[in-house]
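Structure assessment
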Amino acid sequence: METQDWFGELLPGTFDEVFAAPGQPRPHYRSLLSRMTSLSREELRARLGLIDLAFRDQGVTFRLHSEEQSPERPFPLDILPRLIPAREWEEVVSGLVQRVRALNAFLNDIYHDQCALRDQVVPADLVLAHPAFCREVAGIDLPFGVYTHVAGIDLIRDASGTYRVLEDNLRTPSGVSYLLANRRVMTQAVPDLLRGQKVRLVEHYPDLLLETLRSLSPRDVVDPTVVVLTPGPYNSAYFEHMFLAQQMGVELVEGADLYVDGGRVWMRSLSGPAQVDVIYRRIDDAYLDPLCFRPDSMLGVTGLISVFREGRVALANAPGSGVADDKALYAYVPRLIRYYLQEEPILANVETYLGSDPDQLEYLLAHARELVIKRVDQSGGYGMLIGSEAEPDALARYLAEVRRQPSCYVAQPRMELSAHPTYCADTERFEPRRIDLRPFILSGEQIQVLPGGLTRVALKRGSTVVNSSQGGGSKDTWVVG
Amino acid sequence: MTAQGTQLRVQHCTEYRYPLEAKDSFNELWVSPVDSATQSLQAFQLQVDPEVMVRSRDDYFGNRVHYFHVATSHRLLRIASRAEVLTFPAAEPRAVEVASLEPLRPRFFEFLAPTRRIPLQGDWAALLGFPLPGMRDDLLSYLLAAAHHLHARFTYRVGATSVDTPLQDFIASGQGVCQDFAQAMLALLRQARLPARYVSGYLATGVGAEGSHAWIEAFFPGTGWVGIDPTNDCPAGISHVKVAHGRDYDDCPPLRGVRLGGGMEQLSVEVRVEVGP
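None of the values given here were measured: they were computed from a predicted structure.

Here is what the cut-offs are and how they apply
Residues numbered from 1 in each chain as written. Chains lettered and ligands numbered in written order. Predicted model: local features only at pLDDT ≥ 70, side-chain atom pairs only at ≥ 80, totals over all residues. Heavy atoms only, no water. Helix = DSSP H or I, 4+ residues; strand = E, 2+ residues; numbered from the N terminus. Rg over C-alpha atoms; globule rule 2.2 N^0.38 Å. Buried < 20%, exposed > 50% of the residue type's maximum accessible area, 1.4 Å probe, protein only. Contact = heavy atoms within 4.5 Å. Areas by Shrake-Rupley, 256 points an atom, 1.4 Å probe, with all protein chains shown as cover. Pairing = 2+ DSSP bridges. Axes fitted to C-alpha atoms, helices over the stretch in contact; angles between N-to-C directions. Polar contact = N/O pair within 3.5 Å; in protein donor to acceptor, adjacent residues only side chain to side chain. Domains from an automatic or database assignment. Buried area = accessible area lost by both parts, 1.4 Å probe. Salt bridge = Lys/Arg side-chain N within 4 Å of Asp/Glu carboxyl O. Nonpolar A, V, L, I, M, F, W, Y, C, P; charged D, E, K, R; others polar. Phe/Tyr/Trp six-rings, centres within 6.5 Å; stacked < 30°, edge-to-face > 60°. Lys NZ or Arg CZ within 6 Å of the ring centre and 35° of its normal. Parallel < 35°, antiparallel > 145°, perpendicular 65-115°, else oblique. pLDDT = per-residue confidence, 0-100. Left-handed = near helix turned anticlockwise from the far one by under 90°. Arc of directions from axis to C-beta.

**A word on the overall build of chain A**
Helix and strand counts for chain A stand at 14 helices and 25 strands. The C-alpha atoms of chain A give a radius of gyration of 23 Å, which matches the 23 Å a tight globule of 481 residues would have. Overall, chain A is about 75 × 60 × 45 Å in size when its C-alpha atoms are taken along their principal axes. Burial status across chain A gives 59% buried among its 481 residues. Here the contacts in chain A between residues at least 6 apart in sequence split such that 68% fall between residues at least 24 apart. As presented, chain A carries roughly 19,700 Å² of accessible surface, and 50% of it is formed by carbon and sulfur atoms.

**Details of the sheet that holds strand β14 (residues 314-316) of chain A**
Residues and elements named next belong to chain A. The four strands are arranged β9-β8-β13-β14 in an open sheet whose pairing can be described as parallel. The open sheet is flanked by β9 (251-253) and β14, the only strands paired with a single partner. In this sheet, neighbouring strand axes are inclined to one another by 30 degrees on average, regardless of whether the strands run parallel or antiparallel. Strand direction decides the pairing type here: strand β8 (residues 226-229) and strand β13 (residues 278-281), joined by four bridges, are parallel.

**Remarks on the sheet that holds strand β18 (residues 384-386) of chain A**
Residue and element names in this part refer to chain A. Pairing is antiparallel in the open sheet, where four strands are placed in the order β16-β19-β17-β18. Each edge of the open sheet carries a strand with a single partner, namely β16 (353-354) and β18. Pairing of strand β17 (residues 371-375) with strand β19 (residues 409-413) involves five bridges; the strand directions are antiparallel. Residue pairing in the sheet places V372 in a bridge with Q412 of β19. On the sheet, helix α14 (residues 392-404) packs against β17, β18 and β19 and is oriented at approximately 50 degrees with respect to β17.

**Looking at the side chain of D158(A)**
Residues and elements named next belong to chain A. With respect to the helices and strands, D158 occurs in the loop between β6 (150-157) and β7 (163-169). Looking at D158, its side chain comes within polar contact range of the side chain of S160, at 2.8 Å. Setting aside residues no more than four positions away along its own chain, D158 makes contact with F15, R164, M415 and E416.

**Focus on the domain arrangement of chain B**
Residues and elements named next belong to chain B. Assigned domains within chain B: domain 1 (6-88 + 254-275) and domain 2 (98-251). If you look at the interface, domain 1 gives 22 residues, while domain 2 gives 22 residues. In total, domain 1 and domain 2 occlude about 1,800 Å² of area from one another, counting both sides; carbon and sulfur atoms represent 58% of this. In terms of surface lost to domain 2, no three residues of domain 1 exceed F61, V271 and V273, which account for 31% of the buried area on that side. The interface formed by domain 1 and domain 2 includes zero salt bridges. At the boundary of domain 1 and domain 2, one finds eight residue pairs in polar contact (both at pLDDT 80 or more). Going through the elements one at a time, β1 (6-29), β5 (74-87) and β14 (266-275) are the ones with two or more residues in the side of domain 1 that touches domain 2. Looking at the side of domain 1 that touches domain 2 element by element, the count peaks at four residues for β1. In terms of residue class, the side of domain 1 that touches domain 2 is built from 14 nonpolar, six polar and two charged.

**Regarding the interface of chain A and chain B**
Contacts between the two partners involve 22 residues from chain A, matched on the other side by 18 residues from chain B. Linking chain A with chain B are two salt bridges, by the criterion used here. With a closest N to O distance of 3.1 Å, E310(A) and R55(B) form a salt bridge. Inspection of the region where chain A meets chain B yields four residue pairs in polar contact (both at pLDDT 80 or more). For the side of chain A that touches chain B, the secondary structure elements donating two or more residues are α6 (124-128), β10 (258-261) and α11 (304-309) of chain A.

**Let's talk about the packing of aromatic side chains**
Taken as a whole and judged by the stated rule, the model has 25 aromatic pairs over all chains. Consider the rings of W6(A) and F430(A), whose centres lie 6.0 Å apart with planes at 20 degrees: the pair is stacked. Taken together, the residues span a long stretch of sequence, with W6(A) in helix α1 (residues 2-6) and F430(A) in strand β21 (residues 429-438) at a distance of 424 residues. Comparing W6(A) with F430(A), the two get one shared label, buried. An aromatic cluster is built from Y111(A), F133(A), Y147(A), Y60(B), F61(B), F108(B), F111(B), F219(B) and W225(B), whose rings are joined through pairwise contacts. Its guanidinium or amino end placed over the ring of Y60(B), R135(A) lies 5.2 Å from that ring's centre, counting from NZ or CZ. Above the ring of F111(B), the side-chain terminus of R197(B) is found at 5.9 Å from the ring centroid.

**Comments concerning the environment of R282(A)**
Residues and elements named next belong to chain A. Here R282 shows up in the loop between β13 and α11. Assessed through its relative accessible area of 5%, R282 is described here as buried. Distance from R282 to N104, taken between C-alpha atoms, is 19 Å for residues 178 residues apart in sequence. With near-sequence residues (within four places) excluded, R282 lies in contact with T172, P173, S174, V228, L229, P231, A237, E240, H241 and L244. A polar atom in the side chain of R282 sits 3.0 Å from the side chain of E240. Separated by 3.1 Å, the side chains of R282 and Y280 make a polar contact.

**Some remarks on the packing of helix α9 (residues 205-214) of chain A against helix α10 (residues 238-248) of chain A**
All names here are of chain A. Look at α9 against α10: their axes get within 9 Å of each other, and the N-to-C directions meet at 80 degrees. One element, α9, and the other, α10, form an angle in the roughly perpendicular class. Taken together, the residues of α10 that come into contact with α9 (itself represented by Y205, P206, L209, L210 and L213) are L244, Q247 and M248. When its residues are assigned to classes, the contact of α9 with α10 shows seven nonpolar, one polar and no charged.

**A short note on the pattern of salt bridges**
One pass over the structure, following the stated rule, counts 47 salt bridges over all chains. The salt bridge partner of R64(B) is D58(B), with a shortest N-O separation of 2.9 Å. Classification of D58(B) as partly exposed rests on a relative accessible area of 45%. In this structure, a network of salt bridges that share partners links the residues E17(A), R82(A), E88(A) and R157(A).

**Side note on the confidence of the model for chain B**
Chain-level statistics for chain B give a pLDDT mean of 93 and a share of 97% at 70 or above. Per-element mean pLDDT across chain B ranges from 91 in β14(B) up to 98 in helix α2 (residues 139-153) of chain B.

**A word on the pairing of β19(A)**
Residue and element names in this part refer to chain A. Burial of β19 is extensive: four of the five residues sit out of reach of the surface. As paired strands, β16 and β19 are joined by two bridges and run antiparallel to one another. Counterpart to Y353 in the pairing with β19 is A411.

**Observations regarding the packing of helix α3 (residues 41-58) of chain A against helix α7 (residues 176-189) of chain A**
All names here are of chain A. Where α3 contacts α7, the two axes come as close as 9 Å, and the packing angle between them is 135 degrees. On the basis of the axis angle, α3 is oblique to α7. In the packing of α3 onto α7, the handedness of the crossing is right-handed. Every residue of α7 that contacts α3 at L50, I51, A54, F55 and Q58 is listed here: A181, N182, R184, V185, M186, Q188 and A189. For the contact of α3 with α7, the class distribution of residues is eight nonpolar, three polar and one charged.

**Here we look at the environment of G473(A)**
The topology assignment puts G473(A) in strand β25 (residues 473-480). Separated by 174 residues in sequence, G473(A) and L299(A) have C-alpha atoms that sit 30 Å apart.

**Things to note about helix α12 (residues 333-341) of chain A**
Residue and element names in this part refer to chain A. The set of residues buried in α12 consists of V333, P334, L336, I337, Y340 and L341. Projection of α12 onto a plane perpendicular to its axis shows the buried side chains occupying an angular sector of 160 degrees, all on one side. At its buried positions, α12 is contacted by α4 (86-110), α5 (115-118), β7 and β15 (348-349). Two residues or fewer past α12, Q342 is found with a positive phi of approximately 50 degrees.

Below you can see the structure in the form of structure tokens.
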């Protein structure tokens, strides 16, 4: 049968998103697959060509840190979308909302009374010795007690199909522009696939974001001034900064476009200075304000933190949010959910061994081959070691570093990320590739989760690294039904 | 010294002269004496030239910070503060053993942890030539002996070090100023796992009186924070005027600022502390 011919073999010991068994698609994929497989090879090739064209048209690119030459490259989008049944998604949403509520409660606590530290729910050093712990913003009462207004929580599905949180991103998570571009490309290039699927909309994200940002405005005005603060075109996510500013209809600014005067933040403009109420900042804490943080920063706005402290400008996300997305603190999030919300965690963590704990360190060193080891202070797949794939001397060198600074490392069992058939140009077949999911959660007065999220795909055969900074691709993600 | 307390008047004047126009100068100051059981703040005034609005807040450690912004072009920035305080002798701390701090350590994480200026790599006790305490040692006796040792081991010399001289260099050269003495003592106490914090302030008489002063405070169960001055080999007393405390100098420098332009500044600082009405 045609279906068999198009799809590669399933990966052993892995949850396949599409097939319950070879040749047996899961119910929510049936109508999409029958439409796909009714296409002739030529029709499929034509659609692939259209996606490629629509993608170039959007100008969606991602800049890699290591690429010096022609740094802009397209972010490959697969033709076969990832589908999540609505009922399954609702469960994920309640887990995400719960997690973000607890993380915001934790941030509000450590910048005020520090009850979680007194009650020893979390070791004090994890917070107080953390480079992202920001004493400059302690004691400030933020609107709704929210610190992380835009969160990206990375989810994976284990071999049994259970969703698990892999990582929290609470500082300046990126990727939402790819999600939006993916949907736009799919709508333009393959509208026939979307038809009749009852796919939940994502196009209104810029409106939701703007509404969330406006709700933070310290001034009670009809049309508060919101800006997007970018480090500039050399940042890997500059495209996204530009895109979101454009979509929200607000100014994209760099540090030099803003200044502080009379205890307020102002934006230089041709029509004279305009008072700024809310800054959606996409630059790191360390560069925000040279008076408080790095005095050599050319990207920030001098005096900004004092205005923030006095409540005359809102910063999203709030400085100091990074303490709560630390890879070691991650292990304590289930405890934080119980402590602040008196609820059981809905979404499971991945089991985590902490280098800071002598017993867990011993286990980590003894079982390095079965583990994925990460530096707590790095992200995006940098500073990470996959024990089973490392060359012996690379492993030895890495473990020597772990022994030297054990508290800088955590380890997790190697997760068999779920797989999804993905079109491979070389074989002209859909072969299983590992995927994850980054949903975006907006917190203001309420918490809102954009349906679906960015599904990232490890494009290399057998790879489990899905980060866009490591050369991954993506899929449009449809919450259906 | 009388039952009415000792009256001290502090004048602290900092002047920056710029060869070129400076503007957009943002500054934070830790200069206002604290108001506490042993130190009553009677009056405090702060004057900035060019004239600007000065605001204040409390920082993470509970210190009062004054801050201001000079937006306009200027060639001179002058910050003058005057304070009047009444100081009272502190009661002798309740005698405790070093061991009594054991259960309290989690509460004082920040005053035990390494900082950029006082890293806990290396054996400070050996470098300073002073032993770590035994569990049964009397806390006050140990602290006074440590202060006495540092006083004898190092020479106080103005200009021997700068604000950014690493602790190791001070120890190697054997001479420095009050800030170096205080940070050396903090290194020793933190290695000994005794919660201790850096104190900035003023001193009426004795060594260090020509400028701002610095000493340390150690925690005594049943009493609270107790000041010890290693530069002068004594407990902090009625001649010490405390302004702020932190983990090290960086948490409470007298002045921190960022500006545009101005060129190579000329700085002059004058501090006067007078006793009596």
